[in-house]
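# Observations on chain architecture
Single-letter residue listing:
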There are 2 protein chains.
Amino acid sequence: MIHQRECPVETLIHVLGGKWKPMILWQLIESNKRFNDLEKLIPDVSQKMLSQHLRDLEREGIVDRTIYPTIPPKVEYSLSEYGKTLIPVAEVMCAWGENHNKRKYKESAS
Amino acid sequence: MIHQRECPVETLIHVLGGKWKPMILWQLIESNKRFNDLEKLIPDVSQKMLSQHLRDLEREGIVDRTIYPTIPPKVEYSLSEYGKTLIPVAEVMCAWGENHNKRKYKESAS
DNA sequence: CAGCATCCACTAGGATACTG
DNA sequence: CAGTATCCTAGTGGATGCTG
């Protein structure tokens, strides 16, 4: 059942596969953030990519976007309830990636 | 510790992120395969990408490549011991992706 | 059989400038 | 503040032809 073609692994990679998406996810796990906050917390991201990735994550239902129609405008991004189901998955991925980085470090040092 | 910048999630996405890499992984979990077998089992992959992805996976230590210097040449690809550590990770990813696909199907049907 | 080389199309992402 | 619009580049992947 799992080893079918069109494997859903690709689905997850598509959802998290943008260059800054994992970083955005970690930030939003910690607490809700405004657009400007994310820009500061992820210094190298361009406005274009931040905006685009947030919209991707919103479309997938991972991220909620709350608009406060004040002046100046305030928009708050938060992890949706559904988005929280991604956390354990991301932690497993993270653990493997961390170990893999160590492994590559060791082999290059030997 | 996990929520650092330069998150290792990206490492894993890089390792599995090629278009056909998850599919190659599933095939090699099942049993060792020759180049030609993989071509038949993954009909839409081009030789170029199959070759390139296999070399990527080999460089990361996921896949072993065994050459039998016969005529005609025979090359067998297998999942390395280290590569097997990817299986549980891939299954978690797969489960989430499967659920996500269902979710998207339902919302488009409603 | 198991590939490599070449050329081409498409997309992801970056830089810069502008707006409600 | 929170974006959008435009232009540009580098990398991914596909198609085709050739080789030890």
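Residues numbered from 1 in each chain as written. Chains lettered and ligands numbered in written order. Predicted model: local features only at pLDDT ≥ 70, side-chain atom pairs only at ≥ 80, totals over all residues. Heavy atoms only, no water.

## Quick word on the side chain of B:Ser78
What counts, and what does not: In this description a helix means any DSSP run of H or I spanning at least four residues, a strand means any run of E spanning at least two, and both kinds are numbered starting from the N terminus. We call two residues in contact whenever any of their non-hydrogen atoms come within 4.5 Å of each other.
In this fold, B:Ser78 is placed in strand β3 (residues 74–79). Ignoring any residue separated from it by four or fewer positions in sequence, one finds B:Ser78 in contact with B:Leu28, B:Asn32, B:Ile62, B:Val63 and B:Asp64.

## A look at the packing of helix α1 (residues 9–16) of chain A against helix α1 (residues 9–16) of chain B
For clarity, the cut-off: Comment: axis = line fitted to C-alpha atoms, over the contacting stretch for helices; angle = value between 0 and 180 degrees taken between N-to-C directions. What sets the label is the angle itself: under 35 degrees gives roughly parallel, over 145 gives roughly antiparallel, 65 to 115 gives roughly perpendicular, and the rest give oblique. By the definition used in this description, the sense in which the near helix is turned from the far one sets the handedness, with an anticlockwise turn below a right angle giving left-handed and a clockwise turn giving right-handed. Put simply, Ala, Val, Leu, Ile, Met, Phe, Trp, Tyr, Cys and Pro go in the nonpolar bin, Asp, Glu, Lys and Arg in the charged bin, and everything else, Gly too, in the polar bin.
Between α1(A) and α1(B), whose axes approach to 11 Å, the crossing angle comes to 130°. Classified by the angle their axes make, α1(A) and α1(B) are oblique. Considering the relative orientation of α1(A) and α1(B), their crossing is left-handed. The segment α1(A) lies against α1(B), with A:Val9, A:Ile13 and A:Leu16 engaging B:Val9, B:Ile13 and B:Leu16. Considering only residue class, the contact of α1(A) with α1(B) consists of six nonpolar, no polar and no charged.

## Quick word on the protein's contact with DNA strand D
Under the convention used in this document: Any residue with at least one heavy atom within 4 Å of a molecule or strand is counted as near it. Polar contacts here mean pairs of N or O atoms no more than 3.5 Å apart (in protein, one a potential hydrogen donor and the other a potential acceptor; neighbouring residues in sequence count only if both atoms are side-chain atoms).
Among the 21 residues in the neighbourhood of DNA strand D, the closest are listed as A:Asn36, A:Ser51, A:Arg65, A:Tyr77 and B:Lys48. Within 4 Å of the protein, the atoms of DNA strand D are drawn from sugar and phosphate moieties in a proportion of 60%. Taking A:Ser51, its side chain carries an N or O atom lying 2.6 Å from a phosphate oxygen of DNA strand D. In this structure, a phosphate oxygen belonging to DNA strand D sits 3.2 Å away from a main-chain N or O atom of A:Val75. The set of elements that each furnish at least two residues to the surface near DNA strand D consists of α3 (35–41), α4 (47–59) and β3 (74–79) of chain A together with α4 (47–59) of chain B. Across the surface near DNA strand D, the residue classes break down as eight nonpolar, six polar and seven charged.

## Considerations on the sheet that holds strand β1 (residues 33–34) of chain B
Residue and element names in this part refer to chain B. Threshold: Strand pairing is assigned whenever DSSP detects at least two bridges linking the two strands.
An order of β1-β3-β2 is seen for the three strands of this open sheet, with the pairing classed as antiparallel. Each end of this open sheet is capped by a strand with a single partner; those strands are β1 and β2 (63–68). Bridge count between β1 and β3: two bridges; the pairing is antiparallel. The partner of Arg34 across the bridge, within β3, is Glu76. Each of β2 and β3 is contacted by α4, which is oriented at about 115° to β2, the strand it contacts most.

## Let's talk about the protein's contact with DNA strand C
Neighbouring DNA strand C are 21 residues; A:Lys19, A:Lys48, B:Arg34, B:Arg65 and B:Tyr77 lie closest to it. Among atoms of DNA strand C positioned within 4 Å of the protein, sugar and phosphate together represent 62%. With respect to DNA strand C, the side chain of A:Lys19 contributes an N or O atom lying 2.6 Å from a phosphate oxygen. Here A:Trp20 contributes a side-chain N or O atom positioned 3.1 Å from a phosphate oxygen of DNA strand C.

## Describing the UniProt feature "domain: HTH hxlR-type" (unreviewed entry) in chain A
The line we're drawing: UniProt positions are given in the numbering used here, feature names are shortened, and annotations may be inferred rather than shown by experiment.
UniProt annotation of "domain: HTH hxlR-type" (unreviewed entry) refers to residues 7–105 of chain A when read in the numbering used here. Strand forms 14% of residues 7–105 of chain A and helix 59%; the C-alpha atoms that close the span are 31 Å apart.

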